[in-house]
Amino acid sequence: GNPVYFLTNIIDITQLKEGEEIQARFESVFNATDDLVSFVDTDYVLRAINERYLEYWQTSHDEVIGKHIADLMNHETFKEVVFPKLETSMNGQRVRYQSDFNFPGRGYRYMDIACNPVLRADGTIAGVAINSRDITELKEKEDQLSAALLQLRSSNAELEQFAYAASHDLQEPLNTIANFTGLL
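Residues numbered from 1 in each chain as written. Predicted model: local features only at pLDDT ≥ 70, side-chain atom pairs only at ≥ 80, totals over all residues. Heavy atoms only, no water.

In this section: the pattern of salt bridges. The tally for this structure, following the rule as stated, stands at 10 salt bridges. Among the ionic pairs, arginine 133 bridges to aspartate 35, the shortest N-O distance being 2.8 Å. Of this pair, arginine 133 sits in strand β5 (residues 125–134) while aspartate 35 sits in the loop between α1 (14–32) and β1 (36–41); the two residues are 98 residues apart in sequence, bridging distant segments of the chain. Judged by its relative accessible area of 7%, aspartate 35 is buried. (Salt bridge = Lys/Arg side-chain N within 4 Å of Asp/Glu carboxyl O. Helix = DSSP H or I, 4+ residues; strand = E, 2+ residues; numbered from the N terminus. Buried < 20%, exposed > 50% of the residue type's maximum accessible area, 1.4 Å probe, protein only.)

In structure tokens form, the structure reads like this:
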């Protein structure tokens, strides 16, 4: 018979598979932290978020990615608290600050936030990596400790005042006895 020809195309996908494995490992590490982690570009648009971020904001990946970060929170909070910090970081400086945020379903949480500029290969700023740690319990303990310290200082002041009065009141009879024995 007639010869049969097969046309084949072989593509080496080794690099593609390695890239997928690296991506999967990165996402695993990215989602393993208890912190809220995100990346915003120079237009303040969210480009990457971790699972903890979604959990705190009670939203989905599709509802957040590609949206302006101000759309996620109170616009006044963005304008007065977040924007100035991000702008500083967009100018190449690392920024760290603490503030409270109202999260849906969690209420107000006190957060320790680090904003770090992310550079492209050519050295220009691609955006800002934001790491937010919930320190609400720590802040509450700090406030309790401050209140206890204030109360302790007040108690010490009262005790010092009592000791001074008691010392003064005890000196008078001793002086009388000393004077009386001096007469004998």
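Structure's up, so let's keep going.
Right, let's get into the pairing of strand β3 (residues 95–103). On β3, burial follows the alternation: Val95, Tyr97, Ser99, Phe101 and Phe103 on one face are buried, whereas Arg96, Gln98, Asp100 and Asn102 on the facing-out side are not. For β3 and strand β4 (residues 107–119), the ladder comprises nine bridges, and the chain directions are antiparallel. Note on β4: the bridge partner recorded for phenylalanine 101 is arginine 109. As consecutive antiparallel partners, β3 and β4 are separated by three residues, and within that stretch glycine 105 has a phi angle of approximately 80°, a positive value. (Pairing = 2+ DSSP bridges.)

For aspartate 112, the position within the fold is in strand β4. The contact partners of aspartate 112, leaving out residues within four places of it in the chain, are Arg96, Tyr97, Gln98, Asn131, Ser132, Arg133 and Ile135. (Contact = heavy atoms within 4.5 Å.)

In the structure shown here, the tally under the stated rule is seven aromatic pairs. An aromatic cluster is built from Tyr53, Tyr56, Trp57, Phe101 and Phe103, whose rings are joined through pairwise contacts. Sitting over the face of the ring of tyrosine 97, lysine 85 holds its NZ or CZ atom 5.4 Å from the ring centroid. The ring centre of tyrosine 56 lies 3.9 Å from the NZ or CZ of arginine 106, which sits over that ring. (Phe/Tyr/Trp six-rings, centres within 6.5 Å; stacked < 30°, edge-to-face > 60°. Lys NZ or Arg CZ within 6 Å of the ring centre and 35° of its normal.)

This brings us to helix α4 (residues 75–90). With 16 residues, α4 ought to run about 22 Å at 1.5 Å a step, yet its terminal C-alpha atoms sit only 19 Å apart, falling short of that. Along α4, the largest kink reaches about 45° and is centred on valine 82; proline proline 84 follows within four residues of it. Summarising the contacts, the buried residues of α4 are in contact with β1, β3, β4 and β5. Two residues or fewer after α4 comes glycine 92, characterised by a positive phi angle close to 100°. (Expected span 1.5 Å × (residues − 1). Bend = angle between axes of the 7 residues up to and from the residue.)

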